[in-house]
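Breakdown of the fold
This is what each chain is made of:
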Amino acid sequence: MKNKWNLATLVLAVLLALGVMTFFKACGPAEDGTFMHCHDVQLCVFALGLCLAGLSLVLSFFPLFLPVRLFLEGAGLVLSAAAALLPGRLMPMCMMETMRCQALMKPFVTLTACLLAILFAVSLAGDLRKR
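Presented here is a report on the structure given in the accompanying data block. (Residues numbered from 1 in each chain as written. Predicted model: local features only at pLDDT ≥ 70, side-chain atom pairs only at ≥ 80, totals over all residues. Heavy atoms only, no water.)

The next point concerns the side chain of Ser 80. Looking at the secondary structure, you find Ser 80 in helix α3 (residues 66-85). Among all residues touching Ser 80, those that are not within four sequence positions of it are Leu 52, Ala 113, Leu 116, Ala 117 and Phe 120. (Helix = DSSP H or I, 4+ residues; strand = E, 2+ residues; numbered from the N terminus. Contact = heavy atoms within 4.5 Å.)

For any pair of aromatic rings, geometry is given as the distance between the ring centres together with the angle between the planes. For the coordinates displayed, the defined rule picks out one aromatic pair. Judged by centre distance (4.1 Å) and plane angle (5°), the rings of Phe 24 and Phe 108 are stacked. Of this pair, Phe 24 sits in the loop between α1 (4-21) and α2 (37-61) while Phe 108 sits in helix α4 (residues 100-130), placing them 84 residues apart in sequence. With relative accessibility at 26%, the residue Phe 24 sits in the partly exposed group. (Phe/Tyr/Trp six-rings, centres within 6.5 Å; stacked < 30°, edge-to-face > 60°. Buried < 20%, exposed > 50% of the residue type's maximum accessible area, 1.4 Å probe, protein only.)

Taken N-terminus to C-terminus, the directions of α2 and α3 make an angle of 160°; their axes are 10 Å apart at the nearest point. Comparing the axis directions of α2 and α3 gives the class roughly antiparallel. Once α2 is placed against α3, the crossing between them reads as left-handed. Contact residues: Val 45, Leu 48, Cys 51, Leu 52, Leu 55, Val 58 and Leu 59 in α2; Arg 69, Leu 72, Glu 73, Ala 75, Gly 76, Leu 79, Ser 80, Ala 82 and Ala 83 in α3. In terms of residue class, the contact of α2 with α3 is built from twelve nonpolar, two polar and two charged. (Axes fitted to C-alpha atoms, helices over the stretch in contact; angles between N-to-C directions. Parallel < 35°, antiparallel > 145°, perpendicular 65-115°, else oblique. Left-handed = near helix turned anticlockwise from the far one by under 90°. Nonpolar A, V, L, I, M, F, W, Y, C, P; charged D, E, K, R; others polar.)

Enumeration over the complete set of coordinates arrives at zero disulfides. Distance from the sulfur of Cys 27, which forms no disulfide, to the nearest cysteine sulfur (Cys 101) is 3.7 Å. For the unlinked cysteine Cys 101, the closest cysteine sulfur is that of Cys 94, found at 3.6 Å. Assessed through its relative accessible area of 0%, Cys 101 is described here as buried. (Disulfide = S-S within 2.5 Å.)

Ranked by size, the top nonpolar core spans 29 residues in total, and within it Leu 16, Cys 101 and Met 105 carry the most contacts. Contact partners of Cys 101, with chain neighbours within four places excluded, come to Ala 26, Cys 27, Cys 38, Met 93, Cys 94 and Lys 106. (Core = buried A, V, L, I, M, F, W, Y, C linked by side-chain atoms within 4.5 Å.)

As C-alpha cells, this is what we get:
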C-alpha cells in the first residue's frame, strides 16, 4: 500500500455506495409505481460511490507512477465534490424537508462525500510533496 489515506477512502467510498442503497436510500415508489427525482439522485450517487471505490482500490493496492497517482487522486477529489453536490444542488429532489431523501440521504451523502474529498486532498497533497 503506497498511501495510508487510500485505504480510508476505499472504506468511505464503499460506505457511500452501500449506504445510499440500504439505510440511507431515497424515497420509495409513489402509489402509481413511478419513482421521484430523488431515486435518480440515489442511483447517481451509487454509481459515483462505485467509481470512487474503484479509484481507491487501484490507488491502495497497485504500484503506480507518481503522475498516474496524482491524476487518480485529483479525479477522486472531483468525483467526491460532485457526489457532495448532487443531492438537491446539481439534481432536483423532493420539495418537502420531511421526506426521507431530504432528512436522511442528503446529509449522509454530503458528509460522506466531503470526508472523501478531504481524504483525497490530503493524499494528493502528500504525493505532491514527494514530487
